[in-house]
Amino acid sequence: MEQLTPMSDEDAPDDPEDSPDEAESADEEEFEFENDSPDEEGEETPDASADTESEDAETDEEAEEEALAVDVGADELDEQLDEVAEALEAAETEADLDAVEADLDDVATTLEAADLPEPDEDDEDAEDPRAELEARVEELRDGIEEARGPYAEDVVAVIESVQGTLDEAEWTERGETEAVDAVATFLAALEEQDLSADTDAGETPADAAEALDHAAEAIEGAGLDADEDAETLAALVEAADALEAGVDDAETWDDLSVRQKMEAEGFYDRLTSENRKDFPPELSVVRIAEQENDSERILMALEYLTSEFMEENCIDAFRRMGPEEAYDAMMERAQKRDRPAIEVLGKIADDRAVETLVDYIQDESNPPLQRTVLRALGEIGSEEATQDVADRLVAEDPEVRARAARALGMIGDTRAIDPLANRITEDDDDSVRAAAVWALNRIGTERALESAAAYADDRSFIVQDEAERAAEALGKEKQKA
């Protein structure tokens, strides 16, 4: 709007009443100026304008919907759907089905635009003609889809699913044979339809899965038409369904009971009426396996038998055997701070366990675990653990300190001589002091023996006894020299 130019005093009329037209004009201009100002209440805000436009758009849409509304009743629409249903039942080819689907689309469009009565919201039993008709439309659509095909891609999809099963399943020996036989039968069915895959099923599920690759390629390359080759496709679908059922029914490990799995793996092969002395029979097998140093059979029992009783007996056998083959199974349990498994790791004496075990001796809140781990670290004998074990010489629990001292003696690292000698002098628990003397004896170097022998006259008998042994060993070393 054009801005008004302020008037000077000379231009202004002496009395507004003397110039009514000019005054009116001025008022109008002033009014227009006020309306044009963004600071005045009378101006229409952008939000208000947008709301007005939205309301106008909604009104237009409602008007358009009313204009497009089709004057057709529910009964007439129902009759049209009856005609579509009859046409669907009579359809024989894909082209027929395409025509039926086009007719159904027309009815659905008419239904969407139809001005049908709405059900009474207060009446729960009131009929809703629109909902009923829409349900019929969807039902007919499903019927059209079911009537289509079969197609070559349907058969290929089944083949790919079966290939996944062949590759992923854990088959028993019998199951492998059953699965391969199912594939061989399917390939024979392809031959009957003049579709050669140029391969056989092979001897293993992996071979059979590869053979199905060739079968899928042969089917895809045949250019089968849903109408012209309907009989061939129907036969292939039937053969594919039989293939899928045959492979699904083939025996896998998951189908077997625990005892069947153990029998299949030969767990009970060494058990006879003469050596079956324990109950349950699995305990007899574990004891026979221990005598024969057969750790694999005991591992099998540990894997399959979940009873606490059998687990204890299996781990006890490993504790006595210390087999390297049990390392992984025991480490898995040791990572859960399982003390019996940690004891077995000590017997196995594999340096790989040190990194995990040294973390457990820091926990002052669990002295039993600390003692078990310290013993295992001593049995492993890796000098990598020396510092961590030596740090436990000042633990709060005297039994932990004593176990740390003995572990250092078993490791045999000469760096531990001074910390052990200090324990003899400073510790107020004689069992800890005696353990330190024992450890120095075990290290066995001249300096270690001298440090231990210095306590041959100690006030504590157990310390004195160990020190006297050190003195005796030191004398023999000097005689040899």
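Parameters at a glance
Residues numbered from 1 in each chain as written. Predicted model: local features only at pLDDT ≥ 70, side-chain atom pairs only at ≥ 80, totals over all residues. Heavy atoms only, no water. Helix = DSSP H or I, 4+ residues; strand = E, 2+ residues; numbered from the N terminus. Buried < 20%, exposed > 50% of the residue type's maximum accessible area, 1.4 Å probe, protein only. Contact = heavy atoms within 4.5 Å. Areas by Shrake-Rupley, 256 points an atom, 1.4 Å probe, with all protein chains shown as cover. Arc of directions from axis to C-beta. Expected span 1.5 Å × (residues − 1). Axes fitted to C-alpha atoms, helices over the stretch in contact; angles between N-to-C directions. Parallel < 35°, antiparallel > 145°, perpendicular 65-115°, else oblique. Left-handed = near helix turned anticlockwise from the far one by under 90°. Salt bridge = Lys/Arg side-chain N within 4 Å of Asp/Glu carboxyl O. Phe/Tyr/Trp six-rings, centres within 6.5 Å; stacked < 30°, edge-to-face > 60°. Lys NZ or Arg CZ within 6 Å of the ring centre and 35° of its normal. Nonpolar A, V, L, I, M, F, W, Y, C, P; charged D, E, K, R; others polar. Core = buried A, V, L, I, M, F, W, Y, C linked by side-chain atoms within 4.5 Å. Polar contact = N/O pair within 3.5 Å; in protein donor to acceptor, adjacent residues only side chain to side chain.

Enquirer: Please provide a residue-by-residue account of the overall build of the protein chain, values included.
Expert: Looking only at helices and strands, the protein chain has 23 helices and 0 strands in total. Among the 481 residues that make up the protein chain, the fraction classed as buried is 36%. Taking as baseline every contact in the protein chain between residues at least 6 positions apart, the subset at least 24 positions apart corresponds to 63%. Taken as a whole, the protein chain presents about 28,700 Å² of accessible surface, with 41% of it coming from carbon and sulfur.

Enquirer: Kindly report on helix α14 (residues 327-334), identifying the contributing residues and their values.
Expert: Within α14 the residues assigned to the buried category are Y327, M330, M331 and A334. On an axial view of α14, the arc spanned by its buried residues comes to 100°, and they lie on one face. Turned more than 90 degrees from where α14 packs its buried face, D328 and E332 sit exposed.

Enquirer: Explain the environment of A126 to me, and be specific about the residues and the numbers.
Expert: As for its placement among the helices and strands, A126 is situated in the loop between α4 (94-113) and α5 (129-147). Judged by relative accessible area, which is 26%, A126 ranks as partly exposed. Discounting residues that sit within four places of it in the chain, A126 has contacts with P119 and D120.

Enquirer: Before we move on, could you go through helix α13 (residues 308-321) and cite the residues and values that matter?
Expert: For α13, built from 14 residues, the straight-helix expectation of 20 Å at 1.5 Å per residue is met to within 8% by its first-to-last C-alpha distance of 20 Å. Listed in full, the buried residues belonging to α13 are M310, N313, C314, I315, A317, F318 and M321. Lining the buried residues of α13 we find α11 (281-291), α12 (295-304), α14 and α15 (339-348).

Enquirer: Now, about the packing of helix α21 (residues 430-443) against helix α22 (residues 446-453): what can you tell me, with residues and values included?
Expert: Remark: α21 packs on α22, axes separated minimally by 7 Å, with the N-to-C direction vectors making an angle of 155°. Taken together, the axes of α21 and α22 are roughly antiparallel relative to one another. Here the hand of the crossing between α21 and α22 comes out left-handed. Facing V437, L440, N441 and I443 of α21, the residues of α22 in contact are A448, L449, S451 and A452.

Enquirer: Just give me the short version of the pattern of salt bridges, but keep the residues and values in it.
Expert: By the definition in use, this model includes 35 salt bridges. A salt bridge links E178 to R174, with the nearest nitrogen and oxygen atoms 3.7 Å apart. Here R174 and E178 lie together in helix α7 (residues 173-192), a separation of 4 residues that amounts to about one turn. For R174, a relative accessible area of 53% gives the class exposed. A salt bridge links R333 to E311; the nearest nitrogen and oxygen atoms lie 3.7 Å apart.

Enquirer: Outline the packing of aromatic side chains, supporting the account with residue identities and numerical values.
Expert: For any two aromatic rings, the description comes down to two numbers: the centre-to-centre distance and the angle of the planes. Taken as a whole and assessed by the stated rule, the structure comprises 1 aromatic pair. Seen from their ring centres, F267 and Y268 are 5.0 Å apart, and the 90° between their planes marks the pair as edge-to-face. The buried category is assigned to Y268, whose relative accessible area is 12%. Of note, R352 hangs over the ring of Y327, and the distance from its end group to the ring centre comes to 3.9 Å.

Enquirer: An account of the packing of helix α20 (residues 417-426) against α22 is requested, with residue identities and associated values reported.
Expert: Between α20 and α22, the least distance of the axes is 10 Å, while the angle of their chain directions is 5°. Judged on the interaxial angle alone, α22 and α20 are roughly parallel. Contact with α20, carried on its side by I417, D418 and A421, involves R447, A448 and S451 of α22 and no other residues of that element. Considered class by class, the residues forming the contact of α20 with α22 number 3 nonpolar, 1 polar and 2 charged.

Enquirer: Break down the nonpolar core for me, citing the residues and quoting the values.
Expert: By size, the foremost hydrophobic cluster in this structure holds 77 residues, and its most contacted members are M330, L345, L357, L377, V389 and L420. If one sorts the elements of this core by residue count, α21 sits on top with 8 residues. In contact with L377, other than residues within four places in its own chain, are V354, L357, V358, I361, S382, A385, V389 and I411. Residues V158, A182, L187 and A208 belong to the second largest nonpolar core, which totals 32 residues.

Enquirer: Got a sec to walk through the side chain of E94? Specific residues and values, please.
Expert: Topologically, E94 is positioned in helix α4. Of note is the side chain of E94, whose polar atom sits 3.1 Å from the side chain of R148. When residues no more than four places from it in sequence are discounted, the contact partners of E94 are R148, G149, Y151, A226 and D227.

Enquirer: Hey, could you go over the side chain of S460 for me, with residue numbers and the actual values?
Expert: Topologically, S460 is positioned in the loop between α22 and α23 (461-480). In this structure S460 comes out as buried when scored by relative accessible area, which is 6%. Setting aside anything within four residues of it in sequence, one finds S460 in contact with D430 and R433.

Enquirer: Which residues make up the environment of T252, and what values do they have?
Expert: Mapped onto the elements, T252 comes out in the loop between α9 (230-249) and α10 (258-264). Separated by 76 residues in sequence, T252 and E176 have C-alpha atoms that sit 8.3 Å apart. Discounting chain neighbours no more than four positions away, the residues touching T252 are A169, E170, W171 and T172.

Enquirer: Residues and numbers for unusual backbone geometry, please.
Expert: With the exception of glycine, the majority of residues adopt a negative phi angle, and the majority of peptide bonds are in the trans configuration. One non-glycine residue, D194, lies in positive phi territory at about 60°. Here D194 lies in the loop between α7 and α8 (205-221). Residue class for D194 comes out exposed when judged on its relative accessible area of 73%.

Enquirer: Provide a residue-level description of the environment of I443, including the pertinent values.
Expert: Among the secondary structure elements, I443 is positioned in helix α21. For the pair I443 and L408, spaced 35 residues apart in sequence, the C-alpha separation works out to 8.3 Å. If sequence neighbours within four positions are ignored, I443 has contacts with L408, G409, G412, D413, T414, A416, I417, L420 and A448.

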